[in-house]
Amino acid sequence: MKPYRLYIFDLDGVIYRGGEPISGASSALERIRSGGAAVRFLTNNSAQTRAAFADKLRGLGFAAEPEEVFSSAYGAARHVAPGSAFVVGEPGLKAELEGAGARVVEEGGADWVAVGICRGLTYDLIDEAQWRIRRGARFLATNIDSTYPDEGGRLRPGAGSVVAAVAEAAGRRPEITIGKPEPALALMILEDSGISLNETLLVGDRPDTDIECARRVGCDSALVLTGVTSRADAARAVPKPTYVLDSVAGLAAE
Ligand SMILES: [Mg+2]
């Protein structure tokens, strides 16, 4: 594998699995950093703030700064700010919006309706969101993952299920989706870092989101087998990644 100057890592299934770090991942990231390359974390999860993700990573033994974490909530916030948004989502999304200088509105007009995972979803929230969209508010989705994996392999409804409820009621699809496979977040990382596409590697465990995101952005990609993709599935992956690795532990090895 050629060396890269920017490594963008998906989190779940790549750096950790639930609450457990992937074996050897932390030393691989240390080698990458000490070689002078930049490390960024890219997650569709909109439930938490960048600071909370950085805390989780540090708790699992990884060096991580909040500024290195690009979540769909942070991307949404950069998109909305300095405007205003009515939020169907969790406290992490609201905190990122406010942190970026956007106004979170509960009553009165708002430029955007921002929808992410919302485990407190109610009929009233769907109703308010759809009516605001019907009256002209712009519709943003943090991501459209239909499900996410919980403990013991149980799947739970993801942001995409919440977005679908609002979209169905509003009669409109989101105007913009921030999370992978859409390129918005990865492009934000590239733009902020100033590092070129051909010196960038995106590492993920899902062909349909991570590797597809790399394809849309136009950078190289590595599919790892520590998450949802088995070796047999990797051989048939669409789109085809640049590399297939057992684990991030194999990155930047001597
Ligand atoms: Mg993943």
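See the structure above.
1. As for the packing of helix H3 (residues 72-80) against helix H7 (residues 184-193)
The N-to-C vectors of H3 and H7 enclose an angle of 75 degrees; their axes lie 10 Å apart at closest approach. As far as their axial angle goes, H7 and H3 are roughly perpendicular. For the pair H3 and H7, contact is made by Ser72, Tyr74, Gly75 and Arg78 and by Leu185, Met188 and Asp192, respectively. For the contact of H3 with H7, the class distribution of residues is 3 nonpolar, 2 polar and 2 charged.

2. A look at the sheet that holds strand E13 (residues 200-204)
Sheet architecture is open: 6 strands sit in the order E5-E4-E1-E13-E14-E15, paired in parallel fashion. Of all strands in the sheet, those with a lone pairing partner are strand E5 (69-71) and strand E15 (243-245), marking the two edges. Between one strand axis and the next, the sheet turns by 25 degrees as a mean value, whatever way the strands run. Its contacts with the sheet put H3 on strand E4 (38-43) and E5, and the angle it makes with E5 is roughly 75 degrees.

3. Observations regarding the coordination of the magnesium ion
Every protein donor of the magnesium ion is listed here as Asp10 (OD), Asp12 (O) and Asp205 (OD), and their distances to the metal cover 2.0 to 2.2 Å. Ordering the donors of the magnesium ion by residue number gives the pattern D-x1-D-x192-D. Taken together, the residues span a long stretch of sequence, with Asp12 in the loop between strand E1 (6-10) and strand E2 (16-17) and Asp205 in the loop between E13 and helix H8 (207-217) at a distance of 193 residues. For Asp12, a relative accessible area of 35% puts it in the partly exposed group.

Scoring rules and cut-offs
- Counting starts from 1 at the beginning of each chain's written sequence and moves along it residue by residue.
- With pLDDT at 70 or above as the cut-off, local features in this predicted model cover only qualifying residues; side-chain atom pairs require 80 or more to be listed or tallied, and sums for whole chains, interfaces and linings still use all residues.
- Hydrogens are left out, water is left out, and the side-chain values use all remaining heavy atoms of the structure.
- Axis definition: a line fit to C-alpha positions, over the contact stretch in the case of helices; interaxial angles, taken between N-to-C directions, run 0 to 180 degrees.
- Only DSSP runs of H or I reaching four residues or more are called helices, and only runs of E reaching two or more are called strands; each is numbered from the N terminus.
- Our angle categories are set so that under 35 degrees counts as roughly parallel, over 145 as roughly antiparallel, 65 to 115 as roughly perpendicular, and the remainder as oblique.
- The contact criterion used is simple: two residues touch if any of their non-hydrogen atoms lie within 4.5 Å.
- In this count, Pro and Cys sit with the nonpolar residues alongside Ala, Val, Leu, Ile, Met, Phe, Trp and Tyr, while Asp, Glu, Lys and Arg are called charged and the others, Gly among them, polar.
- A pair of strands is labelled paired if DSSP reports no fewer than 2 bridges between them.
- Any N, O or S atom lying within 2.8 Å of the metal counts as a donor, and for Na, K and Ca the limit rises to 3.2 Å; water is left out, so some sites can look incomplete.
- Only protein chains enter the calculation, and the probe is 1.4 Å; a residue is then buried if its accessible area is under 20% of its type maximum, exposed if over 50%, and partly exposed in between.

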